[in-house]
Structures are given as structure tokens and as C-alpha cells.
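Per-entry structural report
Read off the chains here:
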Amino acid sequence: FTGSLYVATSLYWMHAAWYSWLAVPLFWLCGVLVYTSVLVWFGCLSFRLVGPQLSSMMVAHNLLQATRYPLAIYPRFARWALLAGLPLGTFHYLPANVLFGKGAPLAALAAAPLAAVVTMFLAQKAWNLGLERYESTGS
């Protein structure tokens, strides 16, 4: 609720374009789907890598934290990785550029839903592959 209030207040004070108001729910939904899918990817590592040394969820959360800063501060390979490899930047960085009038709206509007569909598809594949290779402890 607080985040929604902040976004609405910011858009109002900035006299944002009408499409920015319509894009907020789309970006929110895409963000939920991408973030959940990435967590499923890292969670599926536990099917293969067993033991207390696995800290895959910590890696996913650190990558999420990295996308809360402008991606322009990172080297080109890191930007590419956060926009295409693990597309966490598609629901933090690109939407902020669109909503605050600093980016190309059409590219960002297409990137977030595309990233959501692709990450969900890959998460489903990773989950199914993990279940096929799963071995129980036998207890």
C-alpha cells in the first residue's frame, strides 16, 4: 500500500503522462512474475546441489538489490546480465525510466511483459527438470 501511495503521489506531482498511470499495474504484475520466476530458478538448484553450503537465495536477493540502483553505473556486461540474463532490471530500472520520462516507453513497455513470459517459461522448465532428477532421502 505504501509503495502504491508513493508511486501515485510521485506521478501526480510530476504531471506524468496518462500512459504512465496505466503502465504501473503492468510493471507491478511483470515484476512479481519475473522476481518469483528467478527465485524458482535459484530454488531449483537445491534439487541438484544439496548441503548447507548452498546460498542460492542469497545470490538472487543480492541481484535484486543491484537493480535498485541505476543500471548505468554498472559496466556494460553487468547491465546486459541484469536486463537479459536475469532480467531483474526489466521491472526496476526500465519502468522507472518510463514513469519518470527518461527512457523509451515502447521498448520498456515491451521488455517487462516479454521478460515475465520468458522467465516464467524457463522457471517451469527448471522446475520440471528438477522434479525429474529429484531423489528423496528415503526416510
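Residues numbered from 1 in each chain as written. Predicted model: local features only at pLDDT ≥ 70, side-chain atom pairs only at ≥ 80, totals over all residues. Heavy atoms only, no water.

**Some remarks on the overall build of the protein**
Within the protein, the secondary structure is distributed over six helices and zero strands. Along the protein, helices and strands appear, N-terminal first, in the series α-α-α-α-α-α. Out of the 139 residues in the protein, the part that is buried amounts to 28%. In the protein, 59% of the contacts between residues at least 6 apart in sequence involve partners at least 24 apart. Accessible area of the protein: about 9200 Å², with a carbon and sulfur share of 69%. (Helix = DSSP H or I, 4+ residues; strand = E, 2+ residues; numbered from the N terminus. Buried < 20%, exposed > 50% of the residue type's maximum accessible area, 1.4 Å probe, protein only. Contact = heavy atoms within 4.5 Å. Areas by Shrake-Rupley, 256 points an atom, 1.4 Å probe, with all protein chains shown as cover.)

**Focus on the environment of Asn128**
When you line up the elements, Asn128 lands in helix α6 (residues 105-133). What makes Asn128 partly exposed here is its relative accessible area of 33%.

**Some thoughts on the nonpolar core**
By size, the foremost hydrophobic cluster in this structure holds 21 residues, and its most contacted members are Phe27, Val34 and Val38. Among the secondary structure elements, those contributing two or more residues to this core are α2 (18-48), α3 (56-66), α5 (93-99) and α6. A per-element tally of this core places α2 first, with seven residues. With residues up to four places along the chain from it excluded, the contact list for Val38 reads Leu86 and Leu88. (Core = buried A, V, L, I, M, F, W, Y, C linked by side-chain atoms within 4.5 Å.)

**Section: the side chain of Ser37**
Of note, Ser37 is situated in helix α2. Taking the relative accessible area as the measure of exposure, Ser37 reaches 5% and is therefore buried. What Ser37 contacts, discounting residues up to four positions off in sequence, is Thr119, Met120 and Ala123.

**Structural notes on the packing of helix α1 (residues 2-13) against α2**
Packed helix pairs are characterised by how far apart their axes lie and by the angle those axes make with each other. Relative orientation of the contacting elements α1 and α2 amounts to 165 degrees, with a least axis distance of 10 Å. Classified by the angle between their axes, α1 and α2 sit roughly antiparallel to one another. Judged by the sense of rotation from one axis to the other, the crossing of α1 with α2 is right-handed. Mapping the contact onto sequence places Val7, Ala8, Leu11 and Tyr12 in α1 and Ser20, Trp21 and Val24 in α2. Its residues assigned to classes, the contact of α1 with α2 shows six nonpolar, one polar and no charged. (Axes fitted to C-alpha atoms, helices over the stretch in contact; angles between N-to-C directions. Parallel < 35°, antiparallel > 145°, perpendicular 65-115°, else oblique. Left-handed = near helix turned anticlockwise from the far one by under 90°. Nonpolar A, V, L, I, M, F, W, Y, C, P; charged D, E, K, R; others polar.)

**Here's the deal with the environment of Gly101**
Counting through the fold element by element, Gly101 comes out in the loop between α5 and α6. We classify Gly101 as exposed; its relative accessible area is 61%. Separated by 84 residues in the primary sequence, Gly101 and Ala17 place their C-alpha atoms 8.6 Å from one another.

**Re α1**
With 12 residues, α1 should reach 16 Å at 1.5 Å per residue; the first-to-last C-alpha distance of 16 Å fits that figure. Downstream of α1 by a residue or two, His15 has a phi angle that is positive, lying close to 55 degrees. (Expected span 1.5 Å × (residues − 1).)

**Points about the confidence of the model for the protein**
Confidence along the protein averages 81 in pLDDT terms, with 88% of residues attaining 70 or more. Between the elements of the protein, mean pLDDT differs from a low of 75, seen in α3, to a high of 87, seen in α6. (pLDDT = per-residue confidence, 0-100.)

**Concerning a nonpolar patch on the surface**
On the surface, a cluster of nonpolar side chains totalling about 380 Å² of accessible area is made up of Leu114, Val118, Phe121 and Leu122. Summarising the element assignment, Val118 is placed in helix α6. Here Val118 falls in the partly exposed class, since its relative accessible area comes to 40%. (Patch = residues over 30% accessible without salt bridge, like charges linked within 9 Å, V, L, I, M, F, W, Y side chains within 5 Å. Salt bridge = Lys/Arg side-chain N within 4 Å of Asp/Glu carboxyl O.)

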